[in-house]
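For reference, the chains in residue letters:
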Amino acid sequence: NLGVGGSGYYPIKCEIKVYELADIKAPKLVKNVTLEGYYLNARMIEDYVYVVVTSPIYYVGEEIVLPSVSVNGESVSIDPKEVYYTNAPDVSYTFTTIVALNVFLDDEPIVKKTILTGAASSMYVSPNNIYFAITKYNFITENTIFSNEETLLYRISIRGNSMDFEAEGTVPGHVLNQFSMDEYNGYFRIATTLGYPWIRGGGSSESNSIYVLDMDLKVIGKLENLAKGEKIYSARFMGERAYIVTFKKVDPLFVIDLTDARNPKVLGWLKIPGYSDYLHPLGNDHVIGIRMVSGS
């Protein structure tokens, strides 16, 4: 349950249970971690699991309810001084909490970091970093006209149970999913679509871009205005190449050269009916597309 009622505040909770499997017929619970918030995503790197949850901002009286973490029944609230925040205004705010948990060492304490952001929409994880992409929309509400759209980016470095906020940045447009992001040779790459067809003033103004950012999340290279009037349906980064599928009536599959991080360029494209909403790498020379084709 989640809410604030006459009987108090009832947060949604996410549980992490670690079992010892020395005797597979009788698994033994060795660690039970409870996080306040909605499960967003998780990754395991070597001995550590990184779990991300989000909690909407709630007030009880005049006080903001801070999310808590419970380990084996012992609950600890997030210290307000430890919450990382930026000066980027938004219409709503969310606590995004990352927990690092060693699944093999029972006595190693968990580490947690919390960011005050808008609602986290997508997450990408490399061996050394967690990236959050949070799309922010600005509207002229009187005329309901779309005026601005950008994606806020955050980078958190991860090394075992050590996590640190390292950088933040922005790029125009919105990101489709985790496959539209990538880290390679010290650069972060992201593919975005600017504009929505259902927003007045959108539609034909849609365009797509690839941005290359350094580790400070500053844009150092870009390829903009790709496939105007269409939007990204799938994307995949493979080393020094990116593969982007856009769609409106016919599916163009774009192959983009990222060898020069400061000067991405289109190598070629293929147009066939329908669209691919998932791309998967097959070796170094092939990519598989799962396609949707409507009947006549």
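For the structure given in this document, a descriptive report is provided here.

### Comments concerning the side chain of N102
Turning to its location among the elements, N102 is positioned in strand β12 (residues 94-102). N102 gets classed as buried once you look at its relative accessible area, which sits at 5%. At 2.8 Å, the side chain of N102 forms a polar contact with the backbone nitrogen of F104. A polar contact is formed between the side chain of N102 and the backbone nitrogen of L105, at a distance of 3.0 Å. For N102, the contacting residues outside a window of four places in its chain are K31, D47, Y48 and E108.

### Structural notes on the nonpolar core
Judged by nonpolar contacts, the single largest core of 17 residues is most densely connected at I16, V33, L35, V51, V69, L101 and I110. Ignoring sequence-local partners within four residues, the contact set of I16 consists of K31, N32, V33, L35, V51 and L101.

### A word on the pattern of salt bridges
Inspection of the entire model under this criterion finds three salt bridges. Among the ionic pairs, R189 bridges to D182, the shortest N-O distance being 2.6 Å. Since its relative accessible area comes to 11%, D182 is described here as buried. The salt bridge involving E224 is made with K222; its shortest N-O contact spans 3.9 Å. By relative accessible area, E224 is classed as partly exposed at 34%.

About the criteria used
- Residues numbered from 1 in each chain as written.
- Predicted model: local features only at pLDDT ≥ 70, side-chain atom pairs only at ≥ 80, totals over all residues.
- Heavy atoms only, no water.
- Helix = DSSP H or I, 4+ residues; strand = E, 2+ residues; numbered from the N terminus.
- Buried < 20%, exposed > 50% of the residue type's maximum accessible area, 1.4 Å probe, protein only.
- Polar contact = N/O pair within 3.5 Å; in protein donor to acceptor, adjacent residues only side chain to side chain.
- Contact = heavy atoms within 4.5 Å.
- Core = buried A, V, L, I, M, F, W, Y, C linked by side-chain atoms within 4.5 Å.
- Salt bridge = Lys/Arg side-chain N within 4 Å of Asp/Glu carboxyl O.

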